[in-house]
Structure formats: structure tokens, C-alpha cells
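Single-letter residue listing:
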Amino acid sequence: QAAADAAAAAAREEGATSAASALLEKILHVDTDEWDVEIRSGCQESGVTKEALISEVQKTMEGVILGLENGSMAQRVQAEYLRELVTRIEAM
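Everything numeric in this text was worked out from a predicted model, so none of it was measured. (Residues numbered from 1 in each chain as written. Predicted model: local features only at pLDDT ≥ 70, side-chain atom pairs only at ≥ 80, totals over all residues. Heavy atoms only, no water.)

A. Structural view of helix α4 (residues 50-67). An ideal rise of 1.5 Å per residue puts 26 Å on 18 residues; α4 measures up with 25 Å between its terminal C-alpha atoms. Residues of α4 that are buried: Leu53, Ile54, Glu56, Val57, Thr60, Met61 and Val64. Around the axis of α4, the buried residues are gathered within 155 degrees of arc, so they sit on the same side. Across from the buried face of α4, at angles greater than 90 degrees, the exposed residues are Glu51, Lys59, Glu62 and Leu66. (Helix = DSSP H or I, 4+ residues; strand = E, 2+ residues; numbered from the N terminus. Expected span 1.5 Å × (residues − 1). Buried < 20%, exposed > 50% of the residue type's maximum accessible area, 1.4 Å probe, protein only. Arc of directions from axis to C-beta.)

B. Structural context of the nonpolar core. Judged by nonpolar contacts, the single largest core of 19 residues is most densely connected at Ile27, Ile39, Leu53, Val57, Leu82, Leu85 and Ile89. The set of elements that each furnish at least two residues to this core consists of α2 (19-28), α3 (35-46), α4 and α5 (73-91). Every residue in contact with Leu53, bar those within four places of it in the chain, is listed here: Ala20, Leu23, Leu24, Ile27, Ile39, Cys43, Val48 and Ile89. (Core = buried A, V, L, I, M, F, W, Y, C linked by side-chain atoms within 4.5 Å. Contact = heavy atoms within 4.5 Å.)

C. Looking closely at the packing of α3 against α5. Interaxial distance between α3 and α5 falls to 10 Å at its minimum, and their mutual angle equals 55 degrees. Relative to α5, the element α3 lies oblique. Remark: the crossing between α3 and α5 carries right-handed chirality. Each of Trp35, Asp36 and Ile39 in α3 lies in contact with α5, whose residues at this interface are Tyr81, Glu84, Leu85, Arg88 and Ile89. (Axes fitted to C-alpha atoms, helices over the stretch in contact; angles between N-to-C directions. Parallel < 35°, antiparallel > 145°, perpendicular 65-115°, else oblique. Left-handed = near helix turned anticlockwise from the far one by under 90°.)

D. Main features of the environment of His29. Structurally, the position occupied by His29 is in the loop between α2 and α3. The exposed category is assigned to His29, whose relative accessible area is 52%. A polar side-chain atom of His29 sits 2.7 Å from the main-chain carbonyl oxygen of Glu25. (Polar contact = N/O pair within 3.5 Å; in protein donor to acceptor, adjacent residues only side chain to side chain.)

Take a look at the structure:
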């Protein structure tokens with residue numbers, strides 16, 4: 001999650017202040033047990049679509065994959081973490 005947080009922070013520094021990136025940042029800071037509630041409420045409150053949120057997660061995933069050693073355990077774990085988030089978003 002640290003790399004995902006770092007990628008989200010880097011995206012913010014580059015000027016990505018969209019509602020979808022703000023919602024992703026919020027989701028990444030809550031426990032995984034709370035993701036479903038946070039995704040549902042965040043999308044309703046901010047008007048972010050599932051597609052926009054998935055796009056933000058995929059951008060973050062690209063940063064994680066490119067930023068870590070290829071095939072490393074850290075890369076695999078963090079990519080799986082973000083894939084699980086995409087699965088949960090799609091299920092909403």
C-alpha cells in the first residue's frame with residue numbers, strides 16, 4: 001500500500017486533483033473492510049463514476065508496476081491489492 005500511496009501522492013503533485021483521484025486517495029487510507037462503503041458513499045457524494053475511479057486505480061497500478069523491481073514480491077502484492085480494489089469497484 002505504501003507504493004500505491006506514493007503513486008497517488010505523485011499524481012497529486014503533478015496536478016491531478018480530480019474528484020476521482022481524491023476519492024481514490026481516501027479509499028486507500030481506509031481499511032479494506034470499509035472499501036465497499038467508502039466506494040459507494042464516495043461515488044454518490046462526489047458524482048464520480050465507476051469508470052473514472054477504475055481509470056484512476058489503473059493509473060496508480062501502472063505507477064506501482066513501473067516503479068518497482070520487475071517480478072518482485074512487493075510488486076506482486078501491491079498489484080494484487082489494487083486489482084482487488086478494481087474488482088470491488090466493478091461490483092458496485
